[in-house]
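Here is how the chains run, residue by residue.
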Amino acid sequence: MTTTPVLEAVDETLETQSRPPLNVIYEWLTTVDHKKIGLMYIVYALIFLVIAGFEAILMRIQLAIPNNHFVSPQVFNQLFTMHGTTMVFFMGMPILFGMGNYLVPLMIGARDMAFPRLNAFSFWISAFAGLLLYFSYIGGSGLYAAGSAPDVGWFAYAPLTSKVFSPGHSTDYWTLAVFLSGVGSIGTALNIVTTILCMRCKGMKMSRMPLLPWLYLVMSGIVFVAVSPLTAAQIMLTLDRYLGAHFFDTQAGGSAILWMHFFWIFGHPEVYVLVLPAFAFANEIIPVFSRKAMFGYPAMVAASVSIGFISLSVWAHHMFTAGLGPAGNTFFVFATMVISVPTGIKIFNWLATIWGGKIIFAIPMMFMIGFLFQFLIAGLTGIMLAAAPFNWQLSASYFVVAHFHYVLVGAIVFSLFGAFYFWYPKVTGRMMSETLGKWHFWLFLIGFHLTFDFMHVPGILGMPRRIYTYEAGRGWDTLNLIVGIGAIFQAAGTIVLVYNMIHSYFKGKEAGHDPWDAWTLEWSVPSPPPSYNFAIEPTVNSRRPLWDLKHPEDPDSDYE
């Protein structure tokens, strides 16, 4: 008697549920299955999202009213350092690598990543890096003294990181954590690139590959180029602190500006490392809920590759106040303006895909509509900051904080939430609650705009970032209170999401293998997929293989 792949997947799930808990834990700890590693990345990142969100709430409480003393200046410095470091290195990158780990092999018809053991190594070294960072609360001043978390900002500018200004080991924990995170990120990027280039199924030429793997390919290429200098800079900083190397010590002939270049040559491409997967999710979700193929596939690929190259030439727009000179400033103004062109192409193509479609306002699509609007606003304020004189006035103000949170939260997090609702049925075999999803969407949307719309204004009024408190009567009081209230709304929305995910896992409606009537290969396998992904290697003839299967009378292959 033969069994179908669906029955095999059910048998595998029941077998997992019937095993002793210790055996299941051991299997997860030692797994090299890309899907389990992807899920561990995501859960790990969500834990750090909660931690970083709690740190943000504490900062907003401190700034809600003038002359507040809810936390001390030293604790406030630690909070914004740990919040920024956590969100970029231990929430943003891991959660997006986790999504790529889970989805890329399924979407290109592969049975696993190219290097399964490297995949596991990359996850565990990244996980260890996050734990090491937070161990600084215990051992930051040495194991026999009081703990002290890093307090030098997530960018760790020299000379703040020198032994004179940062005694003890708190900065060393930051340095080691970022270094190890870089090692894990480069390992995962190598794995993704090799998997996409070498393990596509029969018939899947590069021109037939879904857009999500395309954008992960570009994103991984940026990781190679951008993360390596930052990882090298951590070694240089350690040599400065312990062996007298003086790379960044200006009094001994080093350069503090050199650290800024090393950091921002990573820091701004890092924005695209984070936002390209968000674009990838939009590329898969918007066509499905518009019931149209993606408008301008070749232009979308070209725009993605262009963003990858141009993103490596814009880093010093973070340094317009550092004295680069007219020629340097002019180049980076031009480069920052130019990158808006391929980004604009993407926005127009998404709108063209939606235009004339039969739009289904399911929860994933609602988050994508929010993503489109907010990313447009983030892009417009980015163009404003690309003008060096304007940037000079608002550099290191809350206007800049509002701008990059519009990108990181308004674009990336909203797209990520849409991806959660879209692929959750594939991962668990269960649908998430539509009602709770709407509560999550509206709470988070209202909170986001209360926080980050109003945050622009105190920045224009002169409120510097990274200040512990402020005097009354400067016009910032009410605005900061509104910003803090918005943060509470966002926290409430996140709690609804977490409850929805847990509740739906146990009591959600069964999803089936393709609840959205989608078109890419991951929807052809059972939900959740079996460990081997595909019982038979698939063969594709177009960019939408499931459309061809469902509509043999009108296949896409006739038009590509």
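Predicted model only: the values in this text are computed from it and were never measured.

Enquirer: Help me understand the overall build of the protein in this model?
Expert: When you go through the protein residue by residue, the secondary structure sums to 17 helices and zero strands. Over its C-alpha atoms the protein spans a radius of gyration of 24 Å, differing by no more than 12% from the 24 Å that the globule rule assigns to 560 residues. For the protein, the spread of C-alpha atoms along the principal axes amounts to about 75 × 55 × 45 Å. Residues counted as buried form 56% of the 560 residues belonging to the protein. Separation of charge centres in the protein, based on 27 positive and 29 negative side chains, amounts to 2 Å.

Enquirer: Would you take a moment to explain the nonpolar core for this structure?
Expert: Formed by 171 residues in total, the largest nonpolar core has its most connected members in Met99, Tyr216, Phe281, Trp350, Phe371 and Phe420. Per element, the largest residue contribution to this core is 20 residues, and it comes from helix α8 (residues 256-290). In contact with phenylalanine 420, other than residues within four places in its own chain, are Ile42, Leu46, Ile95, Met99, Met432, Leu497 and Met501.

Enquirer: Would you mind showing me how to read the packing of helix α7 (residues 211-243) against α8 here?
Expert: What describes two packed helices is the angle between their axes and the distance between those same axes. Orientation of α7 relative to α8, taken along the N-to-C sense of each, is 160°, at an axis distance of 8 Å. It follows that α7 is roughly antiparallel to α8 by the angle criterion. With respect to the hand of their crossing, α7 and α8 are arranged in left-handed fashion. Its residues assigned to classes, the contact of α7 with α8 comprises 29 nonpolar, two polar and one charged.

Enquirer: Explanation requested: the environment of leucine 237 in the structure shown.
Expert: Relative to the helices and strands, leucine 237 is located in helix α7. Using a relative accessible area of 2% as the deciding quantity, one classes leucine 237 as buried. For leucine 237 and glycine 325, which are 88 residues apart along the polypeptide, the C-alpha to C-alpha distance reads 26 Å. In contact with leucine 237, not counting residues within four places along its chain, are Thr161, Thr171, Thr175, Phe248 and Trp259.

Enquirer: When you look at empty space enclosed by the protein in this model, what are you seeing that I'm missing?
Expert: In this approach, a probe sized like a water molecule rolls over the atoms, and the result shows the empty space that is left. Counted under the stated rule, the structure contains one cavity of 30 Å³ or more. Empty space within the largest cavity amounts to approximately 40 Å³. In terms of lining residues, the largest cavity is bounded by Tyr41, Phe89, Met93, Pro94, Phe97, Ser126, Ser181 and Ser185. Broken down by secondary-structure element, the contributors of at least two residues to the lining of the largest cavity are α4 (73-108) and α6 (170-198). Broken down by element, the residue count for the lining of the largest cavity peaks at four residues, all from α4. Across the lining of the largest cavity, the residue classes break down as five nonpolar, three polar and no charged.

Enquirer: Would you mind showing me how to read the side chain of histidine 34 here?
Expert: Mapped onto the elements of the fold, histidine 34 is located in helix α3 (residues 34-63). Here histidine 34 falls in the buried class, since its relative accessible area comes to 0%. There is a polar contact of 2.9 Å between the side chain of histidine 34 and the side chain of asparagine 533. When neighbours within four sequence positions are excluded, histidine 34 is seen to be in contact with Asn101, Tyr102, Pro105, Leu106, Arg111, Asp112, Met113, Asn119 and Asn533.

Enquirer: Teacher, can you tell me more about the packing of aromatic side chains here?
Expert: Each aromatic ring pair is described using two quantities: the centre-to-centre distance and the angle formed by the ring planes. Applying the stated criterion across every chain yields a total of 51 aromatic pairs. Look at phenylalanine 247 and phenylalanine 248: their rings are 6.3 Å apart centre to centre, the planes differ by 50°, and that puts the pair in the tilted class. Judged by relative accessible area, phenylalanine 247 falls into the partly exposed class, the value being 33%. Exposure remark for phenylalanine 248: the relative accessible area of 5% places this residue in the buried category. Taken together, a centroid distance of 6.4 Å and an interplanar angle of 55° make the contact between phenylalanine 417 and phenylalanine 420 tilted. Of the two residues, phenylalanine 417 and phenylalanine 420 both sit in helix α14 (residues 398-428), three residues apart, roughly one turn of that helix. Since its relative accessible area comes to 3%, phenylalanine 417 is described here as buried. One residue, arginine 544, lies across the ring of tryptophan 519, its end atom 4.4 Å from the ring centre.

Enquirer: Quick question: what am I supposed to make of the pattern of salt bridges here?
Expert: It is possible for side chains bearing opposite charge to pair when their charged atoms get close. Using the criterion set out here, one finds seven salt bridges in the structure. Ionic pairing is found between lysine 36 and glutamate 27, a salt bridge with its closest N-O pair at 2.0 Å. Lysine 36 sits in the buried class, given a relative accessible area of 16%. Put simply, arginine 241 and aspartate 172 hold a salt bridge, and the shortest N to O gap is 2.7 Å. Of this pair, arginine 241 sits in helix α7 while aspartate 172 sits in helix α6; the two residues are 69 residues apart in sequence, bridging distant segments of the chain. A relative accessible area of 11% means that aspartate 172 is categorised as buried. Several salt bridges share partner residues, and in doing so they unite Arg291, Asp514, Asp517 and Lys550 into one network.

Enquirer: Please clarify how helix α5 (residues 116-139) should be interpreted in this entry.
Expert: In an α-helix, one full turn covers 3.6 residues, which means residues spaced three or four apart are oriented alike. Here α5 is 24 residues long and its end C-alpha atoms lie 34 Å apart, about the 34 Å a rise of 1.5 Å per residue gives. The sharpest bend along α5 measures roughly 25° and falls at leucine 133.

Enquirer: In this structure, what is going on with a nonpolar patch on the surface? I would like to understand it.
Expert: Taken together, the side chains of Ile235, Leu239, Tyr242, Leu243, Phe247 and Leu258 present a nonpolar region at the surface, about 530 Å² in accessible area. With four residues, the top contributor of residues to the nonpolar patch is α7. In this structure, leucine 258 sits in helix α8.

Enquirer: Sorry if this is basic, but what is going on with the confidence of the model for the protein here?
Expert: Interpretation of the predicted coordinates at a detailed level should be avoided for regions scoring low in pLDDT. In the predicted model, the protein carries a mean pLDDT of 92, and the fraction of residues at 70 or more is 95%. Highest mean pLDDT in the protein belongs to helix α15 (residues 434-460) (97); lowest belongs to helix α1 (residues 5-18) (48). This model gives residues 1-11 a pLDDT under 50, and the stretch forms nine contacts once residues within four places in sequence are excluded.

Enquirer: Even after reading the chapter, I still don't get the environment of serine 527, so can you show me in this structure?
Expert: One can find serine 527 in the loop between α16 (477-507) and α17 (545-550). Remark: the alpha-carbon pair of serine 527 and valine 427, spanning 100 residues in sequence, is separated by 6.2 Å. Only 2.9 Å separates the side chain of serine 527 from the side chain of lysine 426, close enough to count as a polar contact.

Cut-offs applied
Residues numbered from 1 in each chain as written. Predicted model: local features only at pLDDT ≥ 70, side-chain atom pairs only at ≥ 80, totals over all residues. Heavy atoms only, no water. Helix = DSSP H or I, 4+ residues; strand = E, 2+ residues; numbered from the N terminus. Rg over C-alpha atoms; globule rule 2.2 N^0.38 Å. Buried < 20%, exposed > 50% of the residue type's maximum accessible area, 1.4 Å probe, protein only. Lys, Arg positive; Asp, Glu negative; His and termini not counted. Charge placed at Lys NZ, Arg CZ, Asp CG, Glu CD. Core = buried A, V, L, I, M, F, W, Y, C linked by side-chain atoms within 4.5 Å. Contact = heavy atoms within 4.5 Å. Axes fitted to C-alpha atoms, helices over the stretch in contact; angles between N-to-C directions. Parallel < 35°, antiparallel > 145°, perpendicular 65-115°, else oblique. Left-handed = near helix turned anticlockwise from the far one by under 90°. Nonpolar A, V, L, I, M, F, W, Y, C, P; charged D, E, K, R; others polar. 1 Å grid on protein atoms, 1.4 Å probe; cavity = no way out; pocket = protein on both sides within 12 Å on 5 of 7 lines; lining within 4 Å. Points joined across faces, edges and corners; volume = space filled by probe spheres on them. Polar contact = N/O pair within 3.5 Å; in protein donor to acceptor, adjacent residues only side chain to side chain. Phe/Tyr/Trp six-rings, centres within 6.5 Å; stacked < 30°, edge-to-face > 60°. Lys NZ or Arg CZ within 6 Å of the ring centre and 35° of its normal. Salt bridge = Lys/Arg side-chain N within 4 Å of Asp/Glu carboxyl O. Expected span 1.5 Å × (residues − 1). Bend = angle between axes of the 7 residues up to and from the residue. Patch = residues over 30% accessible without salt bridge, like charges linked within 9 Å, V, L, I, M, F, W, Y side chains within 5 Å. Areas by Shrake-Rupley, 256 points an atom, 1.4 Å probe, with all protein chains shown as cover. pLDDT = per-residue confidence, 0-100.

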